[in-house]
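Structural description and commentary
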Amino acid sequence: MSDIIELPSYKEQSDSVRARFADIYQRPIKLEVKDVSKSFNTAKGQIDVLSPISFNVHRREFISVIGPSGCGKSTLIRMLAGLETVSGGQFLLDGKEASGPGADRGMVFQGYTLFPWLTVKKNVMFGLEVNGHSGTAVEQEAMQWIELVGLGHAAESYPSQLSGGMKQRVAIARALANQPQILFMDEPFGALDPHTRSQMQSHLLQIWHNVDVTIMFVTHDLDEAIYLSDRILVLKANPGEIQEFIEVPVPRPRTPEQMLSTEFLATKQRLEELIHPKEHTSTQDLPIVRMTSVNDNVE
């Protein structure tokens, strides 16, 4: 009797999943990317980091971006967030061309980027004040977002008094306080331990469920991408270009137990095929110089 589980195609969808995607594709297009590319001029000539790519993101979608190192994941969302210039093409937000940073787009980084001399409340208030808000309404607004991420009890604490997961929740609250149309997240949970990372994934899904925001999320973690996303944008490297845009067949609402489902495992298998092709994963001998003269061999 074989112990091998035969997985379905990652393209197979249940009725509920098909209905969800039908609903998503009828929503307004929030972000339209048109032939966006990125190149750098160096002493050795032009380096193309990202080939012209085009895709659409619908309102309240959760999109993850994955791919091997050097495929331009972070570069892509930094350009869309207005933190880097676009070499070619354009992108539209709600049908209007966008360039440079703006309150209509939020950004959360892997580093918490909190001001250590400000309390949680003051950190969240900072973005509101920078965008011209003032008075007691700012404090009330900040507290609403702090409560949303479950940190009302820590509003007067300083970053040094918080755990890594709590700091990242503050960063999310600060980004959402300006009520952006789209939230870009660049490996926000990459520095967290596995247990805290799992908790933060659940927190993020709860926050997203309660806020009218579209999310683009960069990650190296295949499980994380599948667990969180509606669709996964898979890039390949040198230069970066789209390999596939995968519709995740795992039903919502998501639970950690679904990571063992056949839909989840089939999607992960496909991502592995795209990111780690078999011809590139064979063991190779490294040109290592022996640095010890001990006689006991380690094999």
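A brief report on the enclosed structure follows. Keep in mind it's a predicted model, so treat the numbers as computed, not measured.

**Here's the deal with the pattern of salt bridges**
As enumerated under the stated definition, the model contains 17 salt bridges in all. In this structure, D212 and R59 form a salt bridge, with 3.1 Å as the shortest nitrogen-oxygen distance. Residue D212 is found in the loop between α6 (194-210) and β8 (214-218), and its partner R59 is found in the loop between β2 (45-58) and β3 (62-66); the two are separated by 153 residues along the sequence. With a relative accessible area of 32%, R59 lands in the partly exposed category. Three or more residues joined by partner-sharing salt bridges are found here, namely R20, D230 and R252.

**Details of the sheet that holds β8**
Reading across the sheet, the six strands line up as β6-β7-β8-β3-β9-β10 and stay open at both edges, with mixed pairing between neighbours. Each edge of the open sheet is held by one strand with a lone partner, namely β6 (105-108) and β10 (241-247). Recorded for the sheet is a direction-independent mean angle of 20° between the axes of neighbouring strands. Pairing analysis gives six bridges linking strand β9 (residues 231-236) to β10, with the strands arranged antiparallel. Paired with V234 across the two strands is E244, which belongs to β10. Here helix α5 (residues 164-177) sits on the sheet in contact with β6 and β7 (182-186), set at roughly 170° to β6. Along the sheet, α6 makes contact with β3, β7 and β8, crossing β8 at roughly 155°.

Reading the values: the criteria
- Each chain has its residues counted from 1, running along the sequence as written.
- Only residues with pLDDT of at least 70 are given local features in this predicted model, and only at 80 or more are side-chain atom pairs given and counted; all residues enter the totals for whole chains, interfaces and linings.
- By convention in this description, side-chain values take in all heavy atoms of the structure and omit both hydrogens and water.
- A side-chain nitrogen of Lys or Arg and a carboxyl oxygen of Asp or Glu constitute a salt bridge if their distance falls within 4 Å.
- Going along the chain from the N terminus, every DSSP run of H or I of four or more residues is numbered as a helix, and every run of E of two or more is numbered as a strand.
- Summary of the burial criterion: residues with accessible area below 20% of their type's maximum are buried, those above 50% are exposed, and those between are partly exposed, where the area comes from a 1.4 Å probe applied to protein chains only.
- In this scheme, strands are said to pair when DSSP sees at least two bridges between them.
- All axes here are fitted lines through C-alpha atoms, helices being fitted over the stretch that makes contact, and every angle between N-to-C directions spans 0 to 180 degrees.
- For this analysis, residues touch if any pair of their heavy atoms sits within 4.5 Å.

Limitation: the analysis is restricted to geometry and does not speak to function.
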